[in-house]
Amino acid sequence: MAAKKTLKVRQTGSAIRRPKDQHQTLVGLGLNKVGRERVLEDTPAIRGMIRKVSHMVEIVED
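A short tour of the structure in this document, coming up. (Residues numbered from 1 in each chain as written. Predicted model: local features only at pLDDT ≥ 70, side-chain atom pairs only at ≥ 80, totals over all residues. Heavy atoms only, no water.)

1. Re the pattern of salt bridges
One pass over the full model with this rule turns up five salt bridges. The partner of K8 in a salt bridge is E37, and the shortest N-O contact between them spans 3.4 Å. With K8 in strand β1 (residues 6-11) and E37 in strand β2 (residues 37-41), the pair connects residues that are 29 residues apart, well separated along the chain. Taking relative accessible area as the criterion, K8 reaches 25% and is therefore assigned partly exposed. (Salt bridge = Lys/Arg side-chain N within 4 Å of Asp/Glu carboxyl O. Helix = DSSP H or I, 4+ residues; strand = E, 2+ residues; numbered from the N terminus. Buried < 20%, exposed > 50% of the residue type's maximum accessible area, 1.4 Å probe, protein only.)

Put into C-alpha coordinates, the structure is as follows:
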(Lines give C-alpha, C1' and ligand atoms only; values in the text may rest on other atoms or scores of the structure.)
Protein backbone atom coordinates (compact mmCIF):
# COMPACT_ATOMS: atom_id res chain seq x y z
CA MET A 1 0.00 0.00 0.00
CA ALA A 2 1.18 3.48 -0.80
CA ALA A 3 1.54 5.97 2.02
CA LYS A 4 -1.17 8.62 2.18
CA LYS A 5 -0.09 12.05 1.00
CA THR A 6 -0.25 14.80 3.58
CA LEU A 7 -0.09 18.58 3.71
CA LYS A 8 1.28 20.71 6.51
CA VAL A 9 -0.84 23.86 6.79
CA ARG A 10 -0.14 26.94 8.95
CA GLN A 11 -2.62 29.69 9.78
CA THR A 12 -1.11 33.09 8.96
CA GLY A 13 -4.13 35.39 9.28
CA SER A 14 -6.76 36.09 11.88
CA ALA A 15 -10.40 35.06 11.54
CA ILE A 16 -11.54 38.26 13.25
CA ARG A 17 -13.95 40.28 11.06
CA ARG A 18 -14.21 37.45 8.53
CA PRO A 19 -17.43 35.81 7.37
CA LYS A 20 -18.72 33.07 9.64
CA ASP A 21 -18.25 30.38 6.98
CA GLN A 22 -14.53 31.19 6.69
CA HIS A 23 -14.12 30.97 10.47
CA GLN A 24 -15.91 27.62 10.47
CA THR A 25 -13.67 26.38 7.65
CA LEU A 26 -10.59 27.19 9.74
CA VAL A 27 -12.07 25.30 12.69
CA GLY A 28 -12.84 22.38 10.36
CA LEU A 29 -9.18 22.34 9.32
CA GLY A 30 -8.16 22.30 13.00
CA LEU A 31 -6.85 25.87 12.89
CA ASN A 32 -8.22 28.63 15.07
CA LYS A 33 -5.18 30.63 16.19
CA VAL A 34 -2.54 32.40 14.13
CA GLY A 35 0.63 30.31 13.89
CA ARG A 36 -1.07 26.98 14.54
CA GLU A 37 -0.03 24.13 12.22
CA ARG A 38 -1.78 20.91 11.27
CA VAL A 39 -0.81 17.93 9.16
CA LEU A 40 -3.80 17.01 7.02
CA GLU A 41 -4.49 14.28 4.50
CA ASP A 42 -4.26 15.52 0.91
CA THR A 43 -7.81 15.04 -0.38
CA PRO A 44 -9.96 17.12 -2.75
CA ALA A 45 -12.17 18.17 0.19
CA ILE A 46 -9.21 19.45 2.21
CA ARG A 47 -7.79 21.21 -0.87
CA GLY A 48 -11.15 22.96 -1.34
CA MET A 49 -11.21 24.09 2.28
CA ILE A 50 -7.66 25.43 1.97
CA ARG A 51 -8.61 27.26 -1.23
CA LYS A 52 -11.57 28.89 0.53
CA VAL A 53 -9.34 30.42 3.21
CA SER A 54 -6.15 30.69 1.13
CA HIS A 55 -5.68 34.31 2.22
CA MET A 56 -5.34 33.16 5.86
CA VAL A 57 -3.27 29.96 5.50
CA GLU A 58 -0.11 28.74 3.83
CA ILE A 59 1.07 25.28 2.91
CA VAL A 60 4.37 24.66 4.68
CA GLU A 61 5.20 21.29 3.08
CA ASP A 62 3.79 19.51 0.08
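Alright, that's what it looks like, and here's the rest.
2. A word on unusual backbone geometry
For R17, which is not glycine, the phi dihedral falls at a positive 60 degrees. Looking at the element boundaries, R17 is found in the loop between β1 and α1 (20-28).

3. Things to note about the pairing of β1
Alternating residues of β1 divide into L7, V9 and Q11, all buried, and T6, K8 and R10, none buried. When β1 meets β2, the two strands line up antiparallel, connected through five bridges. Each residue of the ladder has a partner; that of V9, found in β2, is R38. (Pairing = 2+ DSSP bridges.)

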